[in-house]
Amino acid sequence: MNRMDAYAALLSLWREAHLIASSAATLEWEQQTTLPTRASEYRAQQIAYLAGLHHEKSTDPRVGDLLHQLESSPVEGDPLSVEAVNVREIRRAYDRQTKLSKSLVEALAQTCSLAQHEWARARQERDFAHFQPWLSKVIELTKSKAIALDPQAPAYDTLLDEYERGTTTSQVEEVFTALREPLVRLVQQIGQAKRSAPTEILHRSYPNDRQQIFGEMAAAEIGFDFDRGRLDTTTHPFCTTLGPHDCRILTRYNAHYFNESFFGILHEAGHGLYEQGLQPEHFGTPMGEAVSLGIHESQSRFWENQVGRSRPFWNRFFPRARGVFREALRSVSVDDFHFAVNGVAPSFIRVEADEATYNLHVMIRFELEQAIVSGDLPIADIPRVWNEKYRDYLGITPSNDAEGCLQDVHWSAGLIGYFPTYTLGNVYSAQISQAADRDLGGIDGLIERGEFRSLLDWLRDRIHRHGKRYSPRELVRQATGQDLSPAPLLQSLREKLSSLYGL
Ligand code: ZN
C-alpha cells in the first residue's frame, strides 16, 4: 500500500470509530434531556455496548499497522500539516486506548451511566449517603484507568493530562497560588464597599418562555448557527457535538433568577461557537476536534464574561431586555442592570458563582479531588470536608448536600481532574480578550454595535480552525503572543469591579 492509500485507510478507520462515538453521544444527549426515568438501566447497557464497540474499533490492530507504516516513511516537510497532525494525534489516542482493556472501558461506561442516574436522585433527595457507594465505584475504576495509562506517574497527574494535555498538577497549583490572595482580598474589599450591587433586580419574575426567546436571540446574534445546532433543557447544562453540523447546547431555567439561564446560554453558546468553528471537512479526525477542555472553556468564558458582562454588551441588549421583561425591568436603568449582573458575593453553587469567587469554587474541588485520588480523604468524609472548605475560603456553610458536594455531575460521570480546566479557561479567556482588543483596535465598539462577526472571525482564525494542531499552551501563545498568565484575568476583574463598587 502506498503512503497516500495508507493515510486514507487510517482516516477511514478512525472516522468509523467516530461514527460509533457520536452515536453514543446522541444517546447520552437524550439521556440528559427526555429519557423516561425507568429507561435508564437499558440506556446504560446501550451506551456501554457502544463504548465497547468504539474501543474495539479504535484499537483495531490495522490502525497500529497503518500508523507504523506512515511513521516509518514520514513525509518531508511541515510537521504541522493536516496529515502530520492527524497521524501524531491518532498515535497518541491509539496508544492511550490500547493501554485500557475492553472490560475496564465497559465497566467505566456502565458504572458512570448508572452513577449519574443515582447522583441525580441523591441530589434531589439531598442525600450524599445514597450516592456514596456509587462514587466509590467510580473513583476505584478511575484510579485503575490512571494506573493502566501510566503506572509510574501520580494518578492525578495522569487524569489531569487527559483533559489538558501537557499541563501538570504543579502548574495548576502555581496558577491557583497566583490567584488565591488577590482574589480573596478583592472579594473582601467588595464585602466592605459602601456600594452594593442591586441584585434584587435579577430575582424578579422572568417567565421561562420569555427567557428562552431572549437567550436564543442573544445566542443567534453572537453567531451560534441554529441551522447547525439547537438549544434544549436539562438538569446540568452542557454542550455536545453529534455531527459536523449538529451541535447541541443545553440550559436550565429559573423563573426567579435571570442569570442562571441567560449567562448559561451565552456560556454554552460559546462552547458551541468553538465546535461550529472547527472545520467540517475534518470532522471525525483530530484536525476537526477541540484541542482541550481549558481552551474550550476559554471560549465559553469569553462570550459569557468578557463580552456578556461588559458594559457595551448591555448598552446594546438592555433596551431589548426591557421590552421582553417589562414587569421586572420597568424602572431599572442600564447602570443598575450592568452592576447587578456583575455583583460579587460568596455563594454555594459553582455554576451560578460570580467571576471573582468562581475560581475559589474550583480550587476547593481541585484540593478535594487530589485527596480522594491519593486516598487521603475517605469518600464518606467528603460532605464534612467540603463544608469546611466553603467556610474557610468563602465564609459560608452549605445547609445540605444538594447545595454542597452533590451539586456537580462531574464525579458521577468519572470526570476526575476536569475541574482545574475551568480556571485555566478563565485565565485564557482574559488573555484572549486582551489580545483581540489589541488586534481589532478595541472590542468595546464592536460589541456595542453588534459587530460580533469580527470577533468571531478573529477567534475562528486564531483558535477554532486549528483543531488539535498545537498544544493548548502553544495555541494561546500563538493567538495572544503571551504564555499562560493569570495577570490579564486579575487586571480585568480589578478594573471592572473597582469602578462598579467604587473601591
Ligand atoms: Zn463550560
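As shown above, the structure is provided for reference.
A quick note: this is a predicted structure, and the numbers were derived from the prediction, not measured.

Asker: Tell me about the state of the cysteines, residues and numbers included.
Answerer: By definition, a disulfide links the sulfur atoms of two cysteines through a covalent bond. Going through the model one piece at a time under the given rule, you end up with zero disulfides. You can see Cys112 has no disulfide; the closest cysteine sulfur is in Cys405, sitting 17 Å from it. The closest cysteine sulfur to the non-disulfide-bonded Cys247 is located on Cys239, 3.8 Å from its own sulfur. The class for Cys247 is buried, based on a relative accessible area of 2%.

Asker: Let's hear about empty space enclosed by the protein: which residues, and what values?
Answerer: Scanning the entire structure with this criterion turns up six cavities of 30 Å³ or more. Empty space within the second largest cavity amounts to approximately 80 Å³. Forming the walls of the second largest cavity are Arg301, Glu304, Asn305, Arg309, Ala353, Asp354, Glu355, Tyr358, Asn359, Asn426, Leu489 and Leu493. Elements that contribute at least two residues to the lining of the second largest cavity include exactly α11 (293–307), α15 (355–374) and α21 (487–501).

Asker: Mind laying out the coordination of the zinc ion, listing which residues take part and the relevant values?
Answerer: Around the zinc ion, the protein contributes the donor atoms His267 (NE2), His271 (NE2) and Glu297 (OE), which lie 2.1 to 2.2 Å from the metal centre. Mapping the donors of the zinc ion onto the primary sequence yields the spacing H-x3-H-x25-E. In this pair, His271 sits in helix α10 (residues 258–277) while Glu297 sits in helix α11, placing the two residues 26 residues apart along the sequence. By relative accessible area, which is 3% here, Glu297 ends up buried.

Asker: Summarise α10; cite the residues concerned and give the values.
Answerer: Owing to its 3.6 residues per turn, the α-helix brings residues three or four apart onto one side. When the terminal C-alpha atoms of α10 are compared, their 28 Å separation across 20 residues agrees well with the 28 Å that a helix rising 1.5 Å per residue should span. Burial within α10 is extensive, with 20 of its 20 residues counted as buried.

Asker: Tell me about the layout of surface pockets, residues and numbers included.
Answerer: Of the pockets and cavities examined, the largest pocket occupies roughly 540 Å³. In terms of lining residues, the largest pocket is bounded by 23 residues, among which Gln306, Ser433, Asp444, Ser492 and Glu495 are the most central. Looking at the lining of the largest pocket, the elements that each hand over two or more residues are α11, α12 (311–324), α17 (420–439), α18 (444–448) and α21. In terms of residue count, the dominant contributor to the lining of the largest pocket is α21 (eight residues). Its residues assigned to classes, the lining of the largest pocket comprises seven nonpolar, nine polar and seven charged.

Asker: So what's going on with the nonpolar core? Residues and values would help.
Answerer: Ranked by size, the top nonpolar core spans 78 residues in total, and within it Phe258, Trp303, Trp314, Leu329 and Phe337 carry the most contacts. Counting residues per element, this core draws most heavily on α10, at eight residues. Ignoring any residue separated from it by four or fewer positions in sequence, one finds Trp303 in contact with Ile222, Leu266, Gly270, Leu273, Gly308, Phe452, Leu455, Leu456 and Leu459. Residues Leu104, Leu160, Ile372 and Ile396 belong to the second largest nonpolar core, which totals 53 residues.

Asker: Tell me about the sheet that holds strand β1 (residues 229–233), residues and numbers included.
Answerer: The strand order β1-β3-β2 describes an open sheet built from three strands, whose pairing is mixed. Of all strands in the sheet, those bounded by a partner on one side alone are β1 and β2 (239–243). Across the sheet, the axes of successive neighbouring strands diverge by a mean angle of 25°, strand direction being ignored. Sheet analysis places β2 next to strand β3 (residues 246–251), joined by four bridges and oriented antiparallel.

Asker: Describe the side chain of Ser300, naming the residues involved and giving the relevant values.
Answerer: Assignment of secondary structure puts Ser300 in helix α11. The exposure class of Ser300 is buried, given its relative accessible area of 0%. A polar contact of 3.2 Å, which involves the side chain of Ser300, links it to the side chain of His271.

Asker: Got a sec to walk through the environment of Ile201? Specific residues and values, please.
Answerer: Mapped onto the elements of the fold, Ile201 is located in the loop between α8 (169–192) and α9 (208–222). Linking Ile201 and Ala340, residues 139 residues apart in sequence, is a C-alpha distance of 7.1 Å. Beyond its immediate chain neighbours, meaning those up to four positions away, Ile201 contacts Tyr206, Leu329, Val332, Asp336, Phe337 and Ala340.

Asker: So what's going on with the pairing of β2? Residues and values would help.
Answerer: In terms of residue burial, β2 counts as a mostly covered element, since four of its five residues are buried. Once β2 ends, the chain turns through two residues before running back antiparallel as β3.

Asker: Let's hear about the pattern of salt bridges: which residues, and what values?
Answerer: Where side chains of opposite charge bring their charged atoms close, a pairing between them can arise. The tally for this structure, following the rule as stated, stands at 43 salt bridges. Two residues, Arg91 and Glu71, come together in a salt bridge whose shortest N-O distance is 2.7 Å. Note that Arg91 is positioned in helix α4 (residues 82–98) and Glu71 in helix α3 (residues 61–72), a separation of 20 residues in sequence. Using a relative accessible area of 34% as the deciding quantity, one classes Glu71 as partly exposed. Among the salt bridges present, the one from Glu304 reaches Arg309, with a minimum N-O distance of 3.3 Å. One continuous salt-bridge network, built from bridges that share partners, spans Arg438, Asp439, Asp461, Arg462 and Arg465.

Asker: How would you explain the packing of helix α7 (residues 155–163) against α15 if you had to name every residue and give the values?
Answerer: It is at 9 Å that the axes of α7 and α15 come closest, and there the two elements cross at 130°. With respect to each other, α7 and α15 are oriented oblique. Touching Ala155, Tyr156 and Leu159 of α7 are Phe366, Glu369, Gln370 and Val373, all from α15.

About the criteria used
Residues numbered from 1 in each chain as written. Predicted model: local features only at pLDDT ≥ 70, side-chain atom pairs only at ≥ 80, totals over all residues. Heavy atoms only, no water. Disulfide = S-S within 2.5 Å. Buried < 20%, exposed > 50% of the residue type's maximum accessible area, 1.4 Å probe, protein only. 1 Å grid on protein atoms, 1.4 Å probe; cavity = no way out; pocket = protein on both sides within 12 Å on 5 of 7 lines; lining within 4 Å. Points joined across faces, edges and corners; volume = space filled by probe spheres on them. Helix = DSSP H or I, 4+ residues; strand = E, 2+ residues; numbered from the N terminus. Donors = N, O, S within 2.8 Å, 3.2 Å for Na, K, Ca; no water. Expected span 1.5 Å × (residues − 1). Nonpolar A, V, L, I, M, F, W, Y, C, P; charged D, E, K, R; others polar. Core = buried A, V, L, I, M, F, W, Y, C linked by side-chain atoms within 4.5 Å. Contact = heavy atoms within 4.5 Å. Pairing = 2+ DSSP bridges. Axes fitted to C-alpha atoms, helices over the stretch in contact; angles between N-to-C directions. Polar contact = N/O pair within 3.5 Å; in protein donor to acceptor, adjacent residues only side chain to side chain. Salt bridge = Lys/Arg side-chain N within 4 Å of Asp/Glu carboxyl O. Parallel < 35°, antiparallel > 145°, perpendicular 65-115°, else oblique.

These results come straight from atomic positions and should not be treated as a statement about function.
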